[in-house]
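In case you want the letters, here they are:
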Amino acid sequence: MTLQEIEQLVFAEIIRVTTAKELEEVQHTYLGRKGHLTAILRGLSTLSLEEKRTIGEQANALRVRIETALKEQFGKLEGKGEEKFFDITFPGKKVVTGHLNPLTLILREIEDIFISFGFSVVEGPEVETEFNNFDALNIPANHPAREMWDTFWLKPENQKLLLRTHTSPVQIRYMMTHEPPFRIIVPGTTYRYEATDARHEMQFTQVEGLVVGKDVTLANFKAVIEAFFIRLFAQKVEIRLRPGYFPFVEPGVEVDATCPRCKKKGCELCKFSGWLELGGAGMVHPNVFDAVKYNPKEVQGFAFGIGAERFAMIKYGIPDIRLFRSGDLRFIRQF
Ligand code: DAH
């Protein structure tokens with residue numbers, strides 16, 4: 001065989017074989033002691049000096065390429081064609097599963113419940129404009145109401161961007177881009193520039209709610225929040241609305257529910273009052289509707305804001321809000 005003939009055949013043969021044994025035969029045919037290429041290499045000594053140089057170089061280069069191709073194909077065929085003993089009684093590898101943060105668990109539950117009530121889940125950015133976080137929510141600059149939210153400003157020099165202090169700015173974003181009627185909840189991370197303790201964190205999670213339509217009332221809100229709480233805690237509760245002030249609602253209310261732990265008898269969790277504070281709510285203020293170019297004479301709606309960590313703490317008996325983001329595996333592994 002000439003070098004050209006070898007080159008034409010050998011590579012096709014190498015890829016055609018399906019077992020390592022066949023491949024060994026190919027190797028033997030070309031590179032073995034009596035192989036085609038070996039014969040050429042052996043015959044070099046009988047050639048002229050000039051031929052030795054050119055043919056020798058070509059033959060050696062071809063040998064390297066064949067060896068590389070063989071190696072690759074051996075790798076692919078490894079173990080193929082051999083009968084391997086497979087012990088089906090051998091115990092399997094244990095799959096290690098992680099744990100979800102209770103915050104994730106509670107958010108999924110909250111979302112599922114509201115989705116079943118016909119709500120959509122909407123999100124917004126954590127970096128907000130001053131306008132969305134404050135002005136459009138009827139909290140103008142220099143108004144004392146701004147003191148309710150200790151704010152992380154991102155650009156002290158122009159005071160226009162901030163880390164949102166609540167999820168309420170998503171109300172603005174949503175209403176500016178959608179027409180009523182609608183029902184949404186907005187879960188999300190919020191930030192406050194304040195000292196931390198067992199009940200306060202700088203970074204925490206809220207779930208905002210907003211329902212706008214022709215004749216949405218505060219009674220609707222009470223029914224929705226009661227149904228929600230009953231689903232989340234799988235027991236009957238009473239809801240109590242107390243007057244409260246939030247600039248973006250009028251009237252505004254603080255929402256309490258009977259303590260699911262002691263059933264109103266009084267315990268550590270409810271500080272022996274029988275009631276738990278759930279969050280704030282109210283009827284959307286006409287100024288907010290004005291800011292998003294809705295006609296307050298044509299639509300009305302209720303809004304609410306609840307703290308997700310708080311619900312997880314109540315539901316799972318977590319004593320300190322700082323545990324959620326502590327990264328402590330001993331905490332996470334309990335869920
Ligand atoms: N955004 C308020 C806060 O973080 C909570 C809140 C109160 C939201 C009343 C509302 C509402 O939508 O109507 O303190």
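Summarised in this report is the structure supplied together with it. (Residues numbered from 1 in each chain as written. Predicted model: local features only at pLDDT ≥ 70, side-chain atom pairs only at ≥ 80, totals over all residues. Heavy atoms only, no water.)

### Quick look at the sheet that holds strand β9 (residues 300-307)
Our working rule: For two strands to be treated as a pair, DSSP must find no fewer than two bridges joining them. Elements are defined by DSSP. Helices are runs of H or I of four residues or more, strands are runs of E of two residues or more, and each kind is numbered from the N terminus. The contact definition used throughout considers only heavy atoms, calling two residues in contact when any of these lie within 4.5 Å. Working convention: axes come from line fits to C-alpha atoms, limited for helices to the stretch in contact. Angles between N-to-C directions cover 0 to 180 degrees.
Across the sheet, which stays open at both edges, the 7 strands sit in the order β1-β4-β5-β9-β8-β7-β6 with mixed pairing between neighbours. Each end of this open sheet is capped by a strand with a single partner; those strands are β1 (120-121) and β6 (239-243). For β1 and strand β4 (residues 182-191), the ladder comprises 2 bridges, and the chain directions are parallel. Of the residues in β4, the one forming a bridge with Val121 is Ile185. Sitting on the sheet, helix α5 (residues 102-116) touches β1, β4, β5 (203-213) and β9, and the angle it makes with β4 is about 165°.

### With respect to helix α10 (residues 308-316)
Note the threshold: The buried label goes to any residue with under 20% of its type's maximum accessible area, the exposed label to any with over 50%, and the partly exposed label to all in between, with areas taken from a 1.4 Å probe on protein chains only.
Listed as buried for α10 are Ala308, Glu309, Phe311, Ala312, Met313 and Ile314. The elements touched by buried residues of α10 are α5, β5, α8 (218-233), β8 (275-284) and β9. After α10 finishes, the residue Gly317 shows a positive phi value of roughly 65°.

### Quick notes on the site of the ligand
For the record, the criterion: Any residue with a non-hydrogen atom lying within 4 Å of a molecule or strand is treated as near it. In the analysis that follows, any N or O atom pair within 3.5 Å is treated as a polar contact, provided that within protein one partner can donate a hydrogen and the other can accept it, and provided that, for residues neighboring in sequence, both atoms belong to side chains. Using a 1.4 Å probe, the Shrake-Rupley method yields the accessible areas, and only the shown protein chains count as cover for residues.
Neighbouring residues of the ligand: 16 residues in total, closest His166, Ser168, Arg192, Gln206 and Glu208. A distance of 3.3 Å separates an oxygen atom of the ligand from a polar atom in the side chain of Gln171. Contact distances for the ligand include 3.3 Å between an oxygen atom and a backbone N or O atom of Phe304. Here the ligand has 350 Å² of accessible area as a free molecule, and 93% of this is covered by the chains. For the shell around the ligand, the secondary-structure elements that each account for two or more residues are β5, β8 and β9.

So far we have only geometry, and geometry alone does not tell us how the molecule works.
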